[in-house]
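Breakdown of the fold
Each chain is listed here by its residues.
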Amino acid sequence: QVQLVESGGGLVQAGGSLRLSCAASGRTFSSYAMGWFRQAPGKEREFVAAISWSGGSTYYADSVKGRFTISRDNAKNTVYLQMNSLKPEDTAVYYCAAGSNGVAAADYWGQGTQVIVSS
């Protein structure tokens, strides 16, 4: 069992930066691929970024490529999402996910953290 707790969301002006964190419980964190998804009001949840269990491979949605960076610290059981050059369309609830076989069919989800980007 893995529990995920996100933090770091908030209100920021367009062009600003935020760093989201996702702290995981459990001793098997390093065996999971981790990812970030987001859901804007009235829209479907969408993929944002993912990172392999070792951190050696990362993947990004086209909409965030070059602006967001996903990373992980397996010693701290934490995955991060550094978000730069934020745009109003990045406004959403951001969810952390853990998957034993990738994040497309995640095994565990966090409760979400709200990000609001003002124009």
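Because the structure is a prediction, the values reported are computed rather than measured.

The rules behind the values
Residues numbered from 1 in each chain as written. Predicted model: local features only at pLDDT ≥ 70, side-chain atom pairs only at ≥ 80, totals over all residues. Heavy atoms only, no water. Salt bridge = Lys/Arg side-chain N within 4 Å of Asp/Glu carboxyl O. Buried < 20%, exposed > 50% of the residue type's maximum accessible area, 1.4 Å probe, protein only. Helix = DSSP H or I, 4+ residues; strand = E, 2+ residues; numbered from the N terminus. Contact = heavy atoms within 4.5 Å. Polar contact = N/O pair within 3.5 Å; in protein donor to acceptor, adjacent residues only side chain to side chain. Pairing = 2+ DSSP bridges. Axes fitted to C-alpha atoms, helices over the stretch in contact; angles between N-to-C directions. Disulfide = S-S within 2.5 Å.

Another aspect to go through is the pattern of salt bridges. Evaluation of the coordinates by the stated rule reveals four salt bridges. Of the charged contacts in the structure, one is a salt bridge between E46 and R38, with a shortest N-O distance of 2.6 Å. You can call E46 partly exposed: its relative accessible area is 35%. The buried category is assigned to R38, whose relative accessible area is 6%. A salt bridge links R38 to D90; the nearest nitrogen and oxygen atoms lie 2.9 Å apart. You can see R38 sitting in strand β4 (residues 33-39) and its partner D90 sitting in the loop between β8 (78-83) and β9 (92-99), a full 52 residues away along the chain. When salt bridges with common partners are traced through the structure, they connect R38, E46, R67 and D90 into a single cluster.

Let's shift gears to the environment of V93. Position of V93 relative to the elements: it lies in strand β9. The spacing of V93 and T113 is 20 residues in sequence and 5.4 Å in space, taken between C-alpha atoms. Once residues lying within four places of it in the same chain are set aside, the contact partners of V93 are F37, R38, Q39, G112, T113 and Q114.

Okay, the side chain of T113 next. Inspection of the secondary structure assignment puts T113 in strand β11 (residues 113-118). Residue classification places T113 among the buried residues on the basis of a relative accessible area of 10%. Polar side-chain contacts of T113 include one of 3.2 Å to the backbone nitrogen of G9. If near-sequence neighbours (up to four positions away) are discounted, T113 is found in contact with E6, S7, G8, G9, L20, A92, V93 and Y94.

Two pairing modes exist for strands in a sheet, parallel and antiparallel, and in both the strands are linked by backbone hydrogen bonds. Read across the sheet, four strands follow the order β1-β3-β8-β7 without closing on themselves; strand pairing throughout is antiparallel. A strand with exactly one partner marks an edge of an open sheet, and here the two such strands are β1 (4-7) and β7 (68-73). On average, adjacent strands in this sheet sit at an angle of 15 degrees to one another, irrespective of strand direction. The pairing of strand β3 (residues 18-24) with β8 spans six bridges and is classified as antiparallel. Looking at the pairing, R19 lines up with Q82 of β8.

Turning to unusual backbone geometry, a few remarks are in order. With a phi close to 55 degrees, N77 is a non-glycine residue in the positive phi region. Tracing the chain through its elements places N77 in the loop between β7 and β8. In this structure, S85 is a non-glycine residue whose phi angle is positive, near 50 degrees. Here S85 is to be found in the loop between β8 and β9.

Take the state of the cysteines next. One pass over the structure, following the stated rule, counts one disulfide. With a sulfur-sulfur separation of 2.1 Å, C22 is cross-linked through a disulfide to C96. Sign of the S-S torsion, about -80 degrees for the bond between C22 and C96, identifies this disulfide as left-handed. Here the residue C22 occupies a position in strand β3, and C96 occupies one in strand β9, the gap between them amounting to 74 residues. The exposure classification of C22 matches that of C96, with both residues buried.

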